[in-house]
Amino acid sequence: MKFVFERNLSHQTRAVEAIVEVFKDLEIRYEKSYLKDYVNPTIDINSLIYLKNIENLMHKNEIKLKPIKSNVIDIMMETGTGKTYTYTKAMFELNRFYGINKFVVIVPSLSIKAGAVNFILNESAREHFKDEYQKTINLYVVESKKNKNKKEYMPTSIKSFVEARKSKNTIEVLLINQGMLNSDTLSKNYDRTLFNKFTNPFDAIASINPVVIIDEPHRFKKDNKTWKNIQKLNPQFILRFGATFDEDKKGNKKFENLIYTLTAARAFNDNLVKGVIGYIEKNESGKNALVELINLDGKEATFVLKEGKKKSFKLGVKDSLGIIHPEIEGLFIEKMNKSELLLSNGMILKKKDKFNPYSFSETIEEMMIRKAIKNHFKIEKELIEGRNLEGKPKIKPLTLFFIDNIDEYRDENGKLRKIVEENIKGCIEENLKNTKDEFYKKYLEKSLKDISKTHGGYFSKDNQAKDEEIEKEINEILHDKDKLLDLNNPRRFIFSKWTLKEGWDNPNVFQICKLRSSGSEISKLQEVGRGLRLPVNEFGVRVKDEFFLHYFVDFSEEDFVDRLINEINEESNLFNLEKLDKLSDELIEGIVKLYKEDRKKLVARLILDDIIDDNKKFINDGLKKLKEMYPLVFEEERVYENKVKKADKKVKSKVKVIVGKYDKLKEVWEKINQKALMEIKVDSEEKFEELFYSFFKNRDDFVENRVYFEAKKVVVEDEAYVENKRMEEEFSDIKNLSYKEFVLEVSKLCKINVKTAHKVFLRLKKDKILDISKYLNYQTIRKIKYYFDEYLLLNSFKKFEINYKLIKSSIHPTKLTDKNGNPLKEINASDIGVNYSSEKVAKSYYFEELFYDSELEKENIKYNDDVIEVFTKIPKNSIRIPIIGGKSYSPDFAYVLKRGDEVRRVCFVIETKDKDEKDLTFEEKIKIKMAEKFFNEKIKIIFKKQLRKDKIEKIISSVLKG
């Protein structure tokens, strides 16, 4: 499986476009000296146009700030939304528009550095960008190096990067982590010079006018050594990409020229990342205690136990923590220094770290393991068997366990390993009894043959391991995402300490189970970040449905969900307006932009009205008065309550219908439930042949008629990463279909005339585009079906027309009626919404209680208006409007309105999308266009689209006027 990178994800495209627009119409100066073939052109950012461009971008992206004279440009993007992809694409775009050819990427840690290397050198990513820009990246990585020679030479990676000539085919990127940037390697002078002039790496890099990209800017504070060293690189401008930025004393983010924001709340609310469901394992004994490390001097550690009365304990190396509490008997201090200590289970503690000794209870650990594994197989059954039975590409889920006791997992007879394997075996056998799908059955049977292959681990001390199986596990987990997500690979459980943190993630992590305290107070957002990315299916394509990350913690983190929600909201609100004591520039900027006020007149009026004094300080409850005058400025972006929630929240499974409402709904309900066929209107068979032929052009993702196994390695030559090289390969034949069988299957599955399919395959071979005889197997047929459906959907209304034909057949039963057309008294609550609220529904609503899928739907259901006779949320999958690919489409609401005092009724349906127009995908736009055709033209019911900013009252008003 290869990852398929999408080209036009709205949130990434808008970020890149903003970066390009910063330098629009600025003067570009080209080097004229002998260095002209080695250095970047210089963009003049001293011009007023530069500040105007930034101001326009801030206005466009609704950022309540003003530009400042600085070469720093900030892009805020939440974890899991593709920061690395975005800054990589930005490099290609800056190269295309402005000729920038050399970039320095600076990251804070080795793990993030490894993640960047894996992405930039990933074969699929390289093909993706090469296909779009006809260029590739030459990556140079600065690594630590012990030179045994007497003469010291400048690191080869820096030398090669600086001396690389401009090329039409490549972009040069130097990758360096914070530790190396601050090391002697970059600050010392060397024997050999670059360009017969530079002996110091900083000077050499500075000479080429680099553009610097910083990942995780909160780790590079402006008052530390790293920032000073970044300035030594003489960057002509600095792009900072991060989810988190440094804050001032009042809690406001310290941005510089922020041009684009994708906040945590927006990422969750728009389904750009998975939601989170928290599972809290209760302490059945009801006992609770807290141990805090309050001091360390390198020889002795001071702990305080809070259980009833406070007690203090001093322990040295090799002392047992059982002295503090019997629940942690057997745990001892392995070593310590003045800043941290290491426990025998691998847990690291720093000053002020706390843990609950009862959370080390083996029974709690066992219960968490059992529940996480059981829930994994429930998710797996839905994503593999369920999707396969629906004809959708399968998704392989993974579960990540964070543990402390490494030996109990690595040892074949270790207690932890035995518990894990017993539970895996039991769940596989249970799913085997109940599976209806042949593919899933084989996957489970393969897993059952060797349970040890279903899980693997990575721990820091594994780096010294010699065991081949452990090496294989590590390589899969750290480097080979494709292999880990392959459905031929039974591995689905990953075990680690806190080694897999920043810099590592996998899109198909659906569960994280934290069996022990994480020790230090790390961010909850950072903890869940390993599993927030949206998953990919078996073809490596990102799936944009609503998914959840299931997160298991023990009772010592009972407030886990609340803390995570608070963090998301805090990260999303750029300014802490509650702590303001004076009218800040940011606040003035917000009022000017949102209310079109004149800046000078605004300040003068606020002084006159005794809201602020001459120094702009608030007086006489001035802040409160200002909020009442300009409420929009103080609106905070918050995560929807259904996106982060507790698993034990009890919600009813059924929802009751309000008696007597169906009579008013019947007319519109029966109209929209008419069955229909969809026809693709192509003028002739010859034109359809051209359509099928054009689909195959330039495709290279088909499976060959033999399977090859190859081992690859990344070759490092003097610290510079070179392309992967094949070491060995072994070929084995697999059984093929005959050409006749293949064409008949393609014809049947894709609903194509056999002769047309045959003609196209002959043309493809003749034109040397594709020799289909090399691809004669069922996997190829499935791929053709999947991608041809996608191709047809995306080309609807452009290369052909579609039409709907109503079928005269029985409408009942439906999701609201029985086979006789009588209304049901209750239906499944999950059919009208995954979220529940105890708030009151509108008096004209069809159901008694409020179940919903988005905040926009929630507002619709609560809205009262006398002109609404009745309205309903349309149950999921009840109205199946056919669309291309055998899929179906259903709107969200059906309304019946009263037109004034007239008896005449007006009926309409709404498709609700809780996002902005610019964030709709092309596929969503096509589906909406199909729905308009079906409702407006075929069954004569008004169809309306409702986006985030569209109030239901305005839609109702427009329908009545129309």
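Now for a quick tour of the structure. Just so you know, these numbers come straight off a predicted model, no measurement behind them.

The helix and strand inventory of the chain stands at 30 helices and 37 strands. The C-alpha radius of gyration of the chain comes to 31 Å, within 12% of the 30 Å expected for a compact globule of 962 residues. Structurally, the chain occupies a C-alpha span of about 90 × 85 × 75 Å along its principal axes. Burial statistics for the chain: of 962 residues in total, 52% are counted as buried. Residue pairs at least 24 apart in sequence account for 72% of intrachain contacts in the chain once pairs closer than 6 positions are excluded. Carbon and sulfur atoms make up 48% of the accessible area of the chain, which totals about 46200 Å². Of the charged side chains in the chain, 183 are positive and 162 negative, and the gap between their average positions amounts to 2 Å.

Turning our eyes to something else, we now look at unusual backbone geometry. What is expected of a backbone is that most residues other than glycine have negative phi and most peptide bonds are trans. Backbone torsion omega between His812 and Pro813 reads 5 degrees, so that peptide bond is classified as cis. Looking at the element boundaries, Pro813 is found in the loop between β28 (801-807) and β29 (826-828). With phi around 80 degrees, Lys352 is a residue other than glycine that occupies positive phi space. Checked against the element boundaries, Lys352 lands in the loop between β16 (348-350) and β17 (354-355). Lys352 sits in the exposed class, given a relative accessible area of 63%. Here Lys768, not a glycine, exhibits a phi torsion of approximately 60 degrees, which is positive. Turning to its location among the elements, Lys768 is positioned in the loop between α26 (754-766) and α27 (778-794).

Take the packing of aromatic side chains next. This model, assessed by the stated rule, comprises 46 aromatic pairs. Pairing Tyr85 with Phe119 gives two aromatic rings, centres 6.4 Å apart and planes at 80 degrees, and the pair type is edge-to-face. Of this pair, Tyr85 sits in helix α3 (residues 83-98) while Phe119 sits in helix α4 (residues 110-121), placing them 34 residues apart in sequence. Take Tyr85 and Phe119: they sit in the same class, and that class is buried. An aromatic cluster is defined as three or more aromatic residues linked by ring pairs; in this entry it consists of Phe688, Phe692, Phe695, Phe696, Phe742, Phe761, Phe788 and Tyr791. The ring centre of Phe161 lies 5.7 Å from the NZ or CZ of Lys102, which sits over that ring. A cation over a ring is seen here: Lys394 above Phe439, with NZ or CZ 4.4 Å from the ring centre.

Another aspect to go through is helix α20 (residues 585-595). Within α20, the full set of buried residues consists of Leu587, Ile588, Glu589, Gly590, Ile591, Val592 and Lys593. The secondary structure elements touched by the buried residues of α20 are α2 (48-60), α21 (599-608) and α22 (622-629). Lys596 sits one or two residues past α20 and shows a positive phi near 55 degrees.

Interhelical geometry of helix α14 (residues 415-434) versus helix α15 (residues 438-449) gives an angle of 150 degrees and a closest axis separation of 10 Å. Considering their axes alone, α14 and α15 lie roughly antiparallel with respect to each other. When the axes of α14 and α15 are compared, the crossing they make is left-handed. Taking contact as the criterion, the partners of Lys425, Ile428, Glu429, Asn431 and Leu432 in α14 are, on α15, Tyr440, Lys441, Leu444, Glu445, Ser447 and Leu448. Looking at side-chain class alone, the contact of α14 with α15 contains 5 nonpolar, 2 polar and 4 charged residues.

A separate point is the sheet that holds strand β23 (residues 644-646). Strand order in the open sheet made by the 7 strands is β19-β20-β18-β21-β22-β10-β23, with parallel pairing throughout. Edge strands, defined here as strands with exactly one partner in the open sheet, are β19 (455-458) and β23. Strand-to-strand twist of the sheet, defined as the mean angle between neighbouring strand axes without regard to direction, takes the value 20 degrees. With 4 bridges joining them, strand β18 (residues 398-402) and strand β20 (residues 493-496) adopt parallel strand pairing. Along β20, the bridge assignment pairs Leu400 with Ile494. On top of the sheet, helix α19 (residues 560-572) reaches β10 (275-281), β22 (548-554) and β23; it is set at about 170 degrees to β23, its chief contact.

Once that is clear, we can look at the nonpolar core. Counting 92 residues, the largest nonpolar core has Phe23, Ile75 and Ile259 as its most contacted members. Per element, the largest residue contribution to this core is 7 residues, and it comes from α3.

Moving on to helix α23 (residues 662-672). Regarding α23, the residues found buried are Tyr662, Leu665, Val668, Trp669 and Ile672. Viewed along the axis of α23, the buried residues span an arc of 130 degrees, placing them on a single side of the element. Along its buried surface, α23 packs onto β32 (868-873), β35 (893-898), β36 (905-912) and α29 (922-938).

Here we come to the state of the cysteines. With the rule as written, the count across this model stands at 0 disulfides. Not part of a disulfide, Cys427 finds its nearest cysteine sulfur in Cys513, a span of 13 Å. By relative accessible area, which is 15% here, Cys427 ends up buried.

Here the focus is the pairing of β18. Within β18, 5 of the 5 residues are buried, which leaves the element mostly enclosed by the surrounding structure. Burial along β18 is two-sided: Leu398, Leu400 and Phe402 facing one way and Thr399 and Phe401 facing the other are all buried. Here β18 pairs with strand β21 (residues 509-514) via 5 bridges, running parallel. Its bridge partner lying in β21, Thr399 is registered against Gln511.

This brings us to the sheet that holds β16. Read from one edge of the open sheet, 3 strands run β14-β15-β16, paired in antiparallel fashion. Only two strands of the sheet have a single neighbouring strand rather than two, namely β14 (333-336) and β16. Across this sheet, the average inter-strand angle for adjacent strands is 25 degrees, counted without regard to direction. With 3 bridges joining them, strand β15 (residues 340-343) and β16 adopt antiparallel strand pairing. When the sheet's bridge partners are listed, Leu342 is paired in β16 with Ile348.

Let's shift gears to the environment of Arg410. Tracing the sequence through the fold places Arg410 in helix α13 (residues 406-410). Since its relative accessible area comes to 18%, Arg410 is described here as buried. Here the alpha-carbon distance between Arg410 and Gly457, two residues 47 residues apart in the chain, equals 8.2 Å. A polar contact is formed between the side chain of Arg410 and the backbone oxygen of Gly457, at a distance of 2.9 Å.

Within a regular beta strand, the side chains point alternately toward one face of the sheet and then the other, so they alternate between its two faces. With 6 of its 6 residues buried, strand β4 (residues 102-107) lies for the most part within the structure. Alignment of β4 against strand β6 (residues 170-177), held across 6 bridges, turns out to be parallel. Looking across to β6, one finds that Val107 is bridged to Asn177. In this sheet, strand β7 (residues 211-215) lies alongside β4 in parallel orientation, the contact comprising 4 bridges. From the neighbouring strand, Ile106 faces β7, where its bridge partner is Ile214.

Cut-off values and rules
Residues numbered from 1 in each chain as written. Predicted model: local features only at pLDDT ≥ 70, side-chain atom pairs only at ≥ 80, totals over all residues. Heavy atoms only, no water. Helix = DSSP H or I, 4+ residues; strand = E, 2+ residues; numbered from the N terminus. Rg over C-alpha atoms; globule rule 2.2 N^0.38 Å. Buried < 20%, exposed > 50% of the residue type's maximum accessible area, 1.4 Å probe, protein only. Contact = heavy atoms within 4.5 Å. Areas by Shrake-Rupley, 256 points an atom, 1.4 Å probe, with all protein chains shown as cover. Lys, Arg positive; Asp, Glu negative; His and termini not counted. Charge placed at Lys NZ, Arg CZ, Asp CG, Glu CD. Phe/Tyr/Trp six-rings, centres within 6.5 Å; stacked < 30°, edge-to-face > 60°. Lys NZ or Arg CZ within 6 Å of the ring centre and 35° of its normal. Axes fitted to C-alpha atoms, helices over the stretch in contact; angles between N-to-C directions. Parallel < 35°, antiparallel > 145°, perpendicular 65-115°, else oblique. Left-handed = near helix turned anticlockwise from the far one by under 90°. Nonpolar A, V, L, I, M, F, W, Y, C, P; charged D, E, K, R; others polar. Pairing = 2+ DSSP bridges. Core = buried A, V, L, I, M, F, W, Y, C linked by side-chain atoms within 4.5 Å. Arc of directions from axis to C-beta. Disulfide = S-S within 2.5 Å. Polar contact = N/O pair within 3.5 Å; in protein donor to acceptor, adjacent residues only side chain to side chain.

Without other data, these values stay purely geometric and don't point to any function.
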